[in-house]
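Examining the three-dimensional arrangement
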Protein chains: 2
Amino acid sequence: MSPTSRYPVPPGGIIGILGGGQLGRMLALAGANVGLKCHIYSDAADAPAFDVAAECTFGRYDDQRLLAAFARNVDAITFEFENVPSGTIEMLARERPTHPSALALAITQDRLVEKNFLSRIGVATTAYAALDASKSGHPEVNRNLLPAVLKTRRFGYDGKGQWTIRTIADLELVLPRLKNVPAILERWVDFAFECSVIAARGGDGIFAAYDPPENIHGEHILRSSRVPAPLTSAQSQEAKAIAARIAEGLDYVGVLAVEFFVTREGGLLVNEIAPRVHNSGHWTLEACLVSQFEQHLRAIAGWPLGYPARHSNAVMENLIGVEAEDWQTLARQTGALHLYGKREIRPGRKMGHVTRISPLSAPNE
Amino acid sequence: MSPTSRYPVPPGGIIGILGGGQLGRMLALAGANVGLKCHIYSDAADAPAFDVAAECTFGRYDDQRLLAAFARNVDAITFEFENVPSGTIEMLARERPTHPSALALAITQDRLVEKNFLSRIGVATTAYAALDASKSGHPEVNRNLLPAVLKTRRFGYDGKGQWTIRTIADLELVLPRLKNVPAILERWVDFAFECSVIAARGGDGIFAAYDPPENIHGEHILRSSRVPAPLTSAQSQEAKAIAARIAEGLDYVGVLAVEFFVTREGGLLVNEIAPRVHNSGHWTLEACLVSQFEQHLRAIAGWPLGYPARHSNAVMENLIGVEAEDWQTLARQTGALHLYGKREIRPGRKMGHVTRISPLSAPNE
């Protein structure tokens, strides 16, 4: 490691962030609040995070020369999206403290590897099976899993690379479209609702979880998160304990999100893990003194974690596509308005969000 | 006005800010939250606000060429400190919507002009008299005012340019040190405590005030602000009404701070007006959904003002000089830590602040 790296990263130190979308942008803003500078590395020339970062690099995520210069310029490294090439993370980790680790990333980038990991550490998920489109499938396994969701193992987000499979005939129809992309078949979960735990683990193993929100999706995109979720205290504690077991199992450093299905019987099944700050944790900006963004930077920088207690109930609603055009109306309403500085409105694109809060003891709790 | 100016400034538009200290920095961060870019113009090469701004200009505040280029690059203009040369504001205002106005600035830059303005609109202050050191003074006036504080009319802050005057002999001692700098003698106020109102006025004349905090100073520097202040509801309403009258009288657009002495008899005397966001309003970042920084930008950009209601009680404490060296301890405590990214710690320098909040209904209220 270069002798110029400082760890724990002191105020005035530089955090390198791969990715310049709204998550990188909110990380950079949170860093600035506590005197940490951020250096954003993005392959998009108009990355929203560039506007708020002390330093910027525009380059490909596999440009070894640029990445090496980036690493030398920062004190610690993290990323805002899970599909960073794992070779890139390994290379950066040789230069600077880089979290989450390449191993944590490798596990959570692949739905099959992730589910196998969860099984290994004793965390419940729905039943699943690997599916290799180049073979004819395993009809006896598949039939047991139906109805199911077929998902590509990698690079899926917001419902991309997913198909509902009700019958073997559906499966035979979809398999050719997969070409040779490895996939996983997951038994459909008839859930009561979805929730998530946003939590942080420090390099010292200390773990801190925010209260789980209920998450409402529309067309596979998160629409709204509401905290508290309609969980019993025992369920909420169990969800946090599962997140802790996962973070421990991954030897994780930073903020991660664990998404759950809450079954009609009240059981908790892990749907997926996001090795990063998460849309369902945006409400922490208003309802907690230390947001998920600052918490992540604290973990990455080797700082003590902040208290994750919330002082308010909260409802976060995403502004998707043209919904952001209503900014003047939204600015008139009681709520914290966030706009991500994206130049172009596109259907399905997350343009911003609004968070409304209410007292913990409000009658609607 | 150049045809490229957009007003109201839409998301993606650029706010120009003169001054790059912590106030400019927190303005830029607040702008980023709602999708506004900030262009910081500062005469300090290492201005803390440069690290978080989309655009930066390093130049003198009277460099006409640079200022003109700056104005052409932005959609609206404001400033973070009141000692901007008034010619500069007049020049910028010809190019772009610039607030507060040159007139508001001219009045609040000069303690005598400010107090005359307050008298004219019927707002109570302590008794005062102009003092011209080039003359021998007006002993019969001065004696009536004693004990008093002698202040330079312009460029004073954090107690600089102030002397306590108990006797005419004290006055004779200080006068030569003033040289020919115009000054004002203000009767000493034996106050119970100090408070302030942070409020905003929009271009449409709509006015919104935050609840007044009690302010505690040490060595003339703000140490702590606590909201609610120990005011009666009637006093609090009166303080806000005075701030509204002042904002109206200045035809003010933006956030201003009105500092009050609360006398032992419960009266409110205006001490001074700051035509900008103010240290005693930093707690709005945590205890309100729209902070004073966002509120100022909303007013400047022609947006609707946000609701100023607070959801929590708050105590803000400044980190001055070496106090910021304790960042690791502070990061462990429950509170929102803010560090301003200043490279050098100097005695008396504001390095950051911490805000702690508690429920509105807390027993200590």
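Owing to the predicted nature of the structure, the values given are computational and were not obtained by experimental measurement. (Residues numbered from 1 in each chain as written. Chains lettered and ligands numbered in written order. Predicted model: local features only at pLDDT ≥ 70, side-chain atom pairs only at ≥ 80, totals over all residues. Heavy atoms only, no water.)

**With respect to the overall build of chain A**
In terms of helices and strands, chain A carries 11 helices and 17 strands. Within chain A, contacts between residues separated by at least 24 positions form 62% of all contacts whose residues are at least 6 apart in sequence. Within the structure as shown, chain A displays about 14,400 Å² of accessible surface, and the carbon and sulfur contribution to it stands at 52%. The averaged location of the 39 negative side-chain charges in chain A is 2 Å from the averaged location of its 37 positive side-chain charges. (Helix = DSSP H or I, 4+ residues; strand = E, 2+ residues; numbered from the N terminus. Contact = heavy atoms within 4.5 Å. Areas by Shrake-Rupley, 256 points an atom, 1.4 Å probe, with all protein chains shown as cover. Lys, Arg positive; Asp, Glu negative; His and termini not counted. Charge placed at Lys NZ, Arg CZ, Asp CG, Glu CD.)

**Overview of the packing of helix α2 (residues 64–72) of chain B against helix α3 (residues 86–95) of chain B**
Relative placement of two packed helices is described by the angle separating their axes and the distance separating the axes. All names here are of chain B. Interaxial distance between α2 and α3 falls to 10 Å at its minimum, and their mutual angle equals 35 degrees. Once α2 is placed against α3, the crossing between them reads as right-handed. Every residue of α3 that contacts α2 at Gln64, Leu67, Ala68, Phe70 and Ala71 is listed here: Thr88, Met91, Leu92 and Glu95. Its residues assigned to classes, the contact of α2 with α3 shows six nonpolar, two polar and one charged. (Axes fitted to C-alpha atoms, helices over the stretch in contact; angles between N-to-C directions. Left-handed = near helix turned anticlockwise from the far one by under 90°. Nonpolar A, V, L, I, M, F, W, Y, C, P; charged D, E, K, R; others polar.)

**Regarding the nonpolar core**
Ranked by internal contacts, the top residues of the largest apolar core, which has 109 residues, are Ile15(A), Trp303(A), Ile15(B) and Trp303(B). Among residues more than four places away in sequence, those in contact with Ile15(B) are Val9(B), Leu36(B), Lys37(B), Cys38(B), His39(B), Val74(B), Ala76(B), Thr78(B), Leu297(B), Ile300(B) and Ala301(B). (Core = buried A, V, L, I, M, F, W, Y, C linked by side-chain atoms within 4.5 Å. Buried < 20%, exposed > 50% of the residue type's maximum accessible area, 1.4 Å probe, protein only.)

**Topic: the side chain of Lys350(A)**
Residue and element names in this part refer to chain A. Structurally, the position occupied by Lys350 is in strand β17 (residues 350–359). Given a relative accessible area of 14%, Lys350 falls into the buried group. A polar atom in the side chain of Lys350 sits 2.9 Å from the side chain of Asn279. (Polar contact = N/O pair within 3.5 Å; in protein donor to acceptor, adjacent residues only side chain to side chain.)

**Description of the sheet that holds strand β4 (residues 76–79) of chain B**
Residues and elements named next belong to chain B. One open sheet holds the four strands; their spatial order is β3-β2-β1-β4, and the pairing between them is parallel. Across the chains shown, the open sheet's two edge strands, defined by having one partner strand only, are β3 (55–58) and β4. Averaged over all adjacent pairs, the angle separating strand axes in this sheet is 20 degrees, with direction ignored. The pairing of strand β2 (residues 37–42) with β3 spans four bridges and is parallel. (Pairing = 2+ DSSP bridges.)

**Observations regarding helix α8 (residues 233–249) of chain B**
Residue and element names in this part refer to chain B. With 17 residues, α8 ought to run about 24 Å at 1.5 Å a step, and its terminal C-alpha atoms sit 24 Å apart, in line with that. Within α8, the full set of buried residues consists of Gln235, Ser236, Ala239, Lys240, Ile242, Ala243, Ile246 and Ala247. Seen along its axis, α8 keeps its buried residues to an arc of 155 degrees; they face one direction. In α8, the exposed positions angled more than 90 degrees off the buried face are occupied by Ser233 and Ala234. A positive backbone phi angle near 50 degrees is found at Asp251, which sits one or two residues after α8. (Expected span 1.5 Å × (residues − 1). Arc of directions from axis to C-beta.)

**Regarding the packing of aromatic side chains**
All names here are of chain B. Per the counting criterion, the structure on display carries 12 aromatic pairs over all chains. Ring geometry for Tyr41 against Phe70: centres 5.2 Å apart, planes inclined by 65 degrees, an arrangement best described as edge-to-face. Of the two residues, Tyr41 sits in strand β2 while Phe70 sits in helix α2, which places them 29 residues apart along the sequence. Assigned by exposure class, Tyr41 and Phe70 land together as buried. (Phe/Tyr/Trp six-rings, centres within 6.5 Å; stacked < 30°, edge-to-face > 60°.)

**A few points about the sheet that holds strand β5 (residues 128–131) of chain B**
Residue and element names in this part refer to chain B. The strand order β5-β8-β6-β7 describes an open sheet built from four strands, whose pairing is antiparallel. Bordering the open sheet on either side are β5 and β7 (162–165), each of which pairs with just one other strand. Adjacent strand axes in the sheet meet at a mean angle of 25 degrees when their direction is disregarded. Pairing analysis gives four bridges linking β5 to strand β8 (residues 183–187), with the strands arranged antiparallel. Bridge pairing in β8 places Tyr128 opposite Glu186.

**Regarding the interface of chain A and chain B**
With 39 residues of chain A at the contact, the number on the chain B side is 38 residues. Summed over the shared surface of chain A and chain B, the result is 10 residue pairs in polar contact (both at pLDDT 80 or more). Secondary-structure elements contributing two or more residues to the side of chain A that touches chain B are α1 (22–33), α11 (327–332), β16 (336–339) and β17 of chain A. Partitioned by chemical class, the residues of the side of chain A that touches chain B number 21 nonpolar, 11 polar and seven charged.

**Examining the confidence of the model for chain A**
Chain-level statistics for chain A give a pLDDT mean of 93 and a share of 94% at 70 or above. Both confidence scores are given for the complex: pTM 0.95, ipTM 0.94. (pLDDT = per-residue confidence, 0-100.)

**Details of the packing of helix α4 (residues 102–109) of chain A against helix α5 (residues 111–120) of chain A**
All names here are of chain A. Two elements in contact, α4 and α5, have axes separated by 5 Å at closest approach and are oriented at 105 degrees. Classed by the angle they form, the pair α4 and α5 counts as roughly perpendicular. Every residue of α5 that contacts α4 at Ala106, Ile107, Thr108 and Gln109 is listed here: Arg111, Val113, Glu114 and Phe117. (Parallel < 35°, antiparallel > 145°, perpendicular 65-115°, else oblique.)

**Thoughts on the relation of the copies chain A and chain B**
Between the two copies, chain A and chain B, the superposition gives an RMSD of 0.0 Å; the rotation angle is 180 degrees and the shift along the axis is 0.0 Å. In short, the pair behaves as if placed about a two-fold rotation axis. When each C-alpha of chain A is compared by its distance to the rotation axis, Val52(A) comes out closest, at 2.2 Å. Taken together, the interface assignments show that 97% of the residues at the interface of chain A recur at the interface of chain B, consistent with an identical surface on both copies. (Least-squares fit on C-alpha atoms with pLDDT ≥ 70 in both.)

**Focus: helix α10 (residues 292–301) of chain B**
Among the 10 residues of α10(B), 10 are classified as buried, and the element is accordingly described as predominantly covered. What α10(B) keeps buried is the set Gln292(B), Phe293(B), Glu294(B), Gln295(B), His296(B), Leu297(B), Arg298(B), Ala299(B), Ile300(B) and Ala301(B).

**What about unusual backbone geometry?**
In this model, His99(A) is joined to Pro100(A) through a cis peptide bond whose omega is -5 degrees. Here Val227(B) and Pro228(B) are connected by a cis peptide whose omega angle stands at 5 degrees. Within the secondary structure, Pro228(B) is located in the loop between β12 (221–227) and α8. Positive phi, close to 50 degrees, is recorded for Glu219(B), a residue that is not glycine.

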